Amino acid sequence: MPIPVKLKGKQKGLRLRLKSVPLATACIVYHRFFKEYTLQQYDPYLIASTTLYIAGKVEENQVTLRDVVNVCYRTLHRSKPPLEMGDMFFALKETIAKCELFVLRALQFRVVYNHPHRYLLHYLTFIKEWMEPYKWDELPLARTSWALLRDSYHSTLCLQYKPQHIAVAILYMTLESHGADIPFEDTAVTPWWKVFAEDITLDIIKQIVGELINTYDLEMISS
Amino acid sequence: MQREDHNIHYPFCQDSSKYEKLCKIGQGTFGEVFKARDRNTKRLVAMKKILMENEKEGFPITALREIKILQLLKHDNVLNLVEICRSKATPYNRYKSTFYMISDFCEHDLAGLLSNTNVKFNLGEIKKIVQQLLNGLYFLHSNKILHRDMKAANILITKNGVLKLADFGLARSFSLSNKGNPNRYTNRVVTLWYRPPELLLGERDYGPGIDTWGVGCIMAEMWTRTPIMQGRTEQHQLQLISQLCGSITKEVWPNVEKLPLWGKIDLISGQRRKVKDRLNYYVKDQYALEMLDRLLTIDPAKRIDADTALNHDFFWTDPMPIDLSTTLSKHTTSMFEYLAPRRPGTRQPAPNAPGKPAAHNPDQHFERVF
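Conventions we followed
- Residues numbered from 1 in each chain as written.
- Chains lettered and ligands numbered in written order.
- Predicted model: local features only at pLDDT ≥ 70, side-chain atom pairs only at ≥ 80, totals over all residues.
- Heavy atoms only, no water.
- Helix = DSSP H or I, 4+ residues; strand = E, 2+ residues; numbered from the N terminus.
- Buried < 20%, exposed > 50% of the residue type's maximum accessible area, 1.4 Å probe, protein only.
- Lys, Arg positive; Asp, Glu negative; His and termini not counted.
- Salt bridge = Lys/Arg side-chain N within 4 Å of Asp/Glu carboxyl O.
- Polar contact = N/O pair within 3.5 Å; in protein donor to acceptor, adjacent residues only side chain to side chain.
- Contact = heavy atoms within 4.5 Å.
- Buried area = accessible area lost by both parts, 1.4 Å probe.
- Nonpolar A, V, L, I, M, F, W, Y, C, P; charged D, E, K, R; others polar.
- Pairing = 2+ DSSP bridges.
- Axes fitted to C-alpha atoms, helices over the stretch in contact; angles between N-to-C directions.
- Left-handed = near helix turned anticlockwise from the far one by under 90°.
- Patch = residues over 30% accessible without salt bridge, like charges linked within 9 Å, V, L, I, M, F, W, Y side chains within 5 Å.
- Areas by Shrake-Rupley, 256 points an atom, 1.4 Å probe, with all protein chains shown as cover.
- Phe/Tyr/Trp six-rings, centres within 6.5 Å; stacked < 30°, edge-to-face > 60°.
- Domains from an automatic or database assignment.

Chain B goes by CDK9 in an unreviewed UniProt entry, where it is assigned to Mytilus edulis.

By the naming in an unreviewed UniProt entry, chain A is Cyclin-Q, taken from Mytilus edulis.

Undergrad: Please clarify how the side chain of D285(B) should be interpreted in this entry.
TA: Residue and element names in this part refer to chain B. The residue D285 is located in the loop between α7 (275-279) and α8 (286-295) in this model. An unpaired buried charge is present at D285: no salt bridge exists, and K127, the closest side chain of opposite charge, is 5.0 Å distant. A distance of 3.4 Å separates a polar atom in the side chain of D285 from the backbone nitrogen of Y287. Separated by 2.9 Å, the side chain of D285 and the backbone nitrogen of A288 make a polar contact.

Undergrad: Please clarify how the interface of chain B and chain A should be interpreted in this entry.
TA: Accessible area lost upon the coming together of the parts is a frequently used measure of interface size. Each side of the interface is counted separately: chain B has 26 residues, and chain A has 25 residues. Summed over both partners, the interface of chain B with chain A buries about 2500 Å², with 63% contributed by carbon and sulfur atoms. If you look at where chain B meets chain A, you find two salt bridges. Across the pair R172(B) and E60(A) runs a salt bridge, and its minimum N-O distance is 3.5 Å. Inspection of the chain B/chain A interface yields five residue pairs in polar contact (both at pLDDT 80 or more). The leading source of residues in the side of chain B that touches chain A is helix α1 (residues 61-72) of chain B, at seven residues. Looking at the side of chain B that touches chain A residue by residue, the class counts come to 14 nonpolar, five polar and seven charged.

Undergrad: How should the pattern of salt bridges be read in this particular structure?
TA: It is possible for side chains bearing opposite charge to pair when their charged atoms get close. All chains considered together, the criterion is met by 20 salt bridges over all chains. Among the ionic pairs, E107(B) bridges to K159(B), the shortest N-O distance being 3.9 Å. Placement of E107(B) in the loop between β6 (99-104) and β7 (108-109) and of K159(B) in the loop between β9 (155-157) and β10 (163-165) is noted, with a sequence separation of 52 residues between them. A relative accessible area of 49% places K159(B) in the partly exposed class. Residue R195(B) pairs with E234(B) through a salt bridge whose shortest N-O separation is 3.4 Å. With a gap of 39 residues between them, R195(B) in the loop between β11 (172-173) and α4 (197-200) and E234(B) in helix α6 (residues 234-245) connect regions that are remote in the sequence. Connected through salt bridges with shared partners, the residues E60(A), R65(B) and R172(B) form a single ionic network.

Undergrad: Explain the side chain of T317(B) to me, please; I cannot follow it from the model alone.
TA: Residue and element names in this part refer to chain B. Locating T317 in the fold gives a position in the loop between α9 (306-310) and α10 (325-329). Classification of T317 by relative accessible area gives buried; the value is 18%. At 2.9 Å, the side chain of T317 forms a polar contact with the backbone oxygen of D313. Aside from chain neighbours lying at most four places away, what touches T317 is K127 and Y287.

Undergrad: Would you mind showing me how to read the pairing of strand β5 (residues 81-86) of chain B here?
TA: A regular strand places its side chains so that they alternate between the two faces of the sheet. All names here are of chain B. With respect to burial, β5 is a largely interior element, five of its six residues being buried. Where strand β1 (residues 14-15) and β5 come together, two bridges link them in parallel fashion. Considered in β5, the bridge of D15 is made with R86.

Undergrad: Can you help me understand the packing of helix α5 (residues 209-224) of chain B against α8(B) in this one?
TA: Residue and element names in this part refer to chain B. Between α5 and α8, the least distance of the axes is 8 Å, while the angle of their chain directions is 145°. When you trace α5 past α8, the crossing you get is left-handed. In contact with T212, W213, V215, G216, M219, A220 and W223 of α5, α8 contributes A288, M291, L292 and L295.

Undergrad: Sorry if this is basic, but what is going on with the environment of E36(A) here?
TA: As for its position among the elements, E36(A) is in helix α2 (residues 20-36). C-alpha of E36(A) to C-alpha of A106(A): the two residues are 70 residues apart in sequence and 8.2 Å apart in space.

Undergrad: Explanation requested: the sheet that holds β10(B) in the structure shown.
TA: Neighbouring strands of a sheet are bound in pairs by backbone hydrogen bonds; such pairs are parallel or else antiparallel. All names here are of chain B. Read across the open sheet, the three strands follow the order β7-β9-β10; overall the sheet is antiparallel. Each end of this open sheet is capped by a strand with a single partner; those strands are β7 and β10. Contacts between helix α3 (residues 123-142) and the sheet are confined to β9 and β10, with β10 contributing the most and set at about 35° to the helix.

Undergrad: Mind showing me how you'd approach a nonpolar patch on the surface here?
TA: All names here are of chain A. Together, F126, W130 and V195 make up a nonpolar patch on the protein surface, roughly 260 Å² of accessible area in all. Relative to the assigned elements, W130 resides in helix α6 (residues 116-130). Look at W130 and you get partly exposed, because its relative accessible area is 32%.

Undergrad: Just to check I follow, could you spell out the packing of aromatic side chains for this structure?
TA: In this description, an aromatic ring pair is defined by two values, namely the gap between the centres and the angle between the planes. Inspection of every chain in the model, using the stated rule, returns 23 aromatic pairs over all chains. The interplanar angle of 75° and the centroid separation of 5.7 Å between the aromatic rings of F33(A) and F102(A) together place this pair among those described as edge-to-face. Note that F33(A) is positioned in helix α2 and F102(A) in helix α5 (residues 87-106), a separation of 69 residues in sequence. Here F33(A) falls in the buried class, since its relative accessible area comes to 1%. Here the aromatic rings of F109(A) and F99(B) are separated by 5.5 Å at their centres, their planes lie at 75°, and the arrangement is edge-to-face. Pair noted here: F109(A) is in the loop between α5 and α6 and F99(B) is in strand β6, and the two residues belong to different chains.

Undergrad: Is there a simple way to explain the pairing of strand β4 (residues 44-50) of chain B in this structure?
TA: Residues and elements named next belong to chain B. Along β4, five of the seven residues are buried, which leaves the element largely enclosed by surrounding structure. Relative to β4, strand β3 (residues 31-38) runs antiparallel, the two sharing five bridges. Within the sheet, the bridge partner assigned to A36 lies in β4 and is V45. Connecting β3 to the antiparallel partner β4 that follows it, the hairpin turn spans five residues, and K42 within it adopts a positive phi of roughly 65°.

Undergrad: Is there a simple way to think about the environment of K96(B) in this case?
TA: All names here are of chain B. Here K96 shows up in the loop between β5 and β6. You can call K96 exposed: its relative accessible area is 57%. Separated by 155 residues in sequence, K96 and E251 place their C-alpha atoms 56 Å apart.

Undergrad: Is there a simple way to think about the domain arrangement of chain B in this case?
TA: All names here are of chain B. Once the domains are mapped, chain B shows domain 1 (15-104) and domain 2 (109-339). When each unit is reduced to the centre of its C-alpha atoms, the spacing between domain 1 and domain 2 is 27 Å. Across the boundary between the two partners, domain 1 contributes 18 residues, which contact 22 residues of domain 2. Between domain 1 and domain 2, the buried area comes to about 1800 Å², and carbon and sulfur atoms account for 65% of it.

So, in structure tokens, the structure goes:
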């Protein structure tokens, strides 16, 4: 997995002021594209820039082509001066516009995705109700889980599992890492995660968490 | 991307040559629509060409929205999108391939049916059409989508009498605005004759009410057989609305004075509301008149929504809505507005494409080919 590309992608996304969901869409488009093609066939940086542009359109968080070109150039060539308005600029613009069509075609125009974000948010509001207020205030559960979810897009988890399952697993990992318990978990008939997603098993949760931890290891190697 | 582009195999996006174009069935600001047949399965489809000229921002966002929305919305009363196809990039088209949206083929559109005097609908059949229209719209609105181009020509009807909402070229998702943060959608939407007063007064924070106004206009058209308010300009359209629905004042529409064009456009005063009186000449059913009155309400906040309209007595009193297939089976040729002979004095204005200058001629239309 081209981790550096993803990292750059995220930086660009943040600079373009894209919200979390468009950013997540960009990642899925990117992963889906490279499921079909290899990194040797297409420049991952070009594809990454294009997916950001597409995601902005799909999620009604539109960014102009001009901004995409400038931000991507700036992120990829940090030591160089900003891009001048000229042949190079117009060439890059046209490249992304053409690449956009190409990516859309490769995806068969399937650009609607169901992200774990909404599920996670929904589950978190439940957890908040269940926990003692002081404990909820003490632990940054929402922040941690949101960060984990964002990081999960560095891997292809989003293509392999149902969004509900990813959200539950992220929540599971969050609770584990903060050493937090769900009240009355020991005596409950149904484990909490089964309440959120009926068809989930502890095995699935552990698989997802395992893969997520692997991603962090990869990142360590590459940096 | 290199010129060898056209040799690359796209695993998913099919070549448009798998369909055989039969004839042209529509033309508008959105591009051309063809009736076509799948060469293998012989299935009939409609092919809509995606216009890509003068696009500085890559693939048009409106087309992407339309595709996204149609993929998302699967409902009996919403046109079904089959797939997206593209033509091969060859030296003949300067390596620019064309994209087509392929959807199910519907035999008629409502404007075409209404312009044909041989097609007669009884009250039960009219109810069925309006009910299906509201069903589709309710589905759209509950999925937080605005159609933004309701008009008779965009309502398709299959030979079995199933109504399909079509042309989502102007549609978009919407969110209910919170007080401090109003939405700023473009108000250059909806074909002039079907455009509600809030859009004409420059509102940019609008909601599903803009589509239900259109339902009112279309419903009345079921009896009048021709669009009820055929304005020449925005000003004229507002005048026609006032003459039918009464003057637009702060009394009937609280907060109207906050709209951008309030005070900048001359509104006629002293007009009495006469929706029921004027339509009474065509519409004899009291429930129908009552519902038209609720749909053509000036204040969008008081206008009836699709859900409430579906519960209206109009649909639940005799004659009940009945199937259209018997009436339609008498007509074996397709009826489309595009193919219909022009009705005197009823030239359909094109919808204002977003971004068009304000001084845009509403009479702009495309020549029909006979």
